[in-house]
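Okay, here's what each chain looks like letter by letter:
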Amino acid sequence: MEQHFSELHRLERAGIEQIVEHHMQRLATLLDSEAGFRGLYGGLTQHEVRARKSLSDEASLVDWMSPEELAANIFCVSQTEARLRREHSAQAEIDNLSHLVGQTVRRAIAEVGGIMPEDLPAPGVSMRQRLQEELLALRQYEPAQTQNVANVDKSR
């Protein structure tokens, strides 16, 4: 059973880089739409959020989001995309719709007693660096697991 969970963990971690990259690209939809960004971040611009989080103007906001903030942003993007598909909305409606979805997610965060995204501190390490560290740890973990599995198999 433990071997099964280890394998699931390995597969999960092995695909995390592609998943994060995919969502980071999707987040560009929200970040490209200043209206959608302002909806989620209470009217603040990207520049203002970078300043609140002590990030340089060149820093990617997505790369410096905590998991909680990243989840809120991914949820906004996925719900905006889904509604656009369902309603066959015109491209011109993206700003209005992404702003509305951002505001709705913001209200939901407040209702459950969450911290607003602009008030969440930036993590001490960028997402890319955390991902690289996770992948490195996974690579170091895999050979040990392979040896342990081989030893178990030999003892049978």
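Scroll up for the structure.
Not measured: the values here are computed from a predicted model. (Residues numbered from 1 in each chain as written. Predicted model: local features only at pLDDT ≥ 70, side-chain atom pairs only at ≥ 80, totals over all residues. Heavy atoms only, no water.)

Caption draft 1: Molecular detail of the overall build of the protein. The helix and strand inventory of the protein stands at seven helices and zero strands. When the helices and strands of the protein are read in sequence order from the N terminus, they spell out α-α-α-α-α-α-α. Counting only residues that meet the buried cut, the protein has 36% of its 156 residues in that class. Partitioning the intrachain contacts of the protein with sequence separation of at least 6 by distance along the chain shows that 68% fall at a separation of at least 24. Roughly 9,600 Å² of accessible area belongs to the protein as shown, and the carbon and sulfur atoms make up 53% of that amount. (Helix = DSSP H or I, 4+ residues; strand = E, 2+ residues; numbered from the N terminus. Buried < 20%, exposed > 50% of the residue type's maximum accessible area, 1.4 Å probe, protein only. Contact = heavy atoms within 4.5 Å. Areas by Shrake-Rupley, 256 points an atom, 1.4 Å probe, with all protein chains shown as cover.)

Caption draft 2: Fine view of the side chain of Thr45. Tracing the backbone through its elements, the reader meets Thr45 in the loop between helix 3 (34-40) and helix 4 (46-52). Taking relative accessible area as the criterion, Thr45 reaches 16% and is therefore assigned buried. Other than its neighbours up to four places away in sequence, Thr45 contacts Glu34, Phe37 and Arg38.

Caption draft 3: Summary view of helix 6 (residues 94-111). Helix length check: helix 6 (18 residues) gives 25 Å between terminal C-alpha atoms against 26 Å at 1.5 Å per residue, within 8%. For helix 6, the complete set of buried residues consists of Ile94, Leu97, Ser98, Val101, Gly102, Val105, Arg106 and Ile109. In this structure, the buried side of helix 6 is in contact with helix 3 and helix 5 (67-87). Positive phi appears at Gly113, one or two residues downstream of helix 6, with a value of about 80°. (Expected span 1.5 Å × (residues − 1).)

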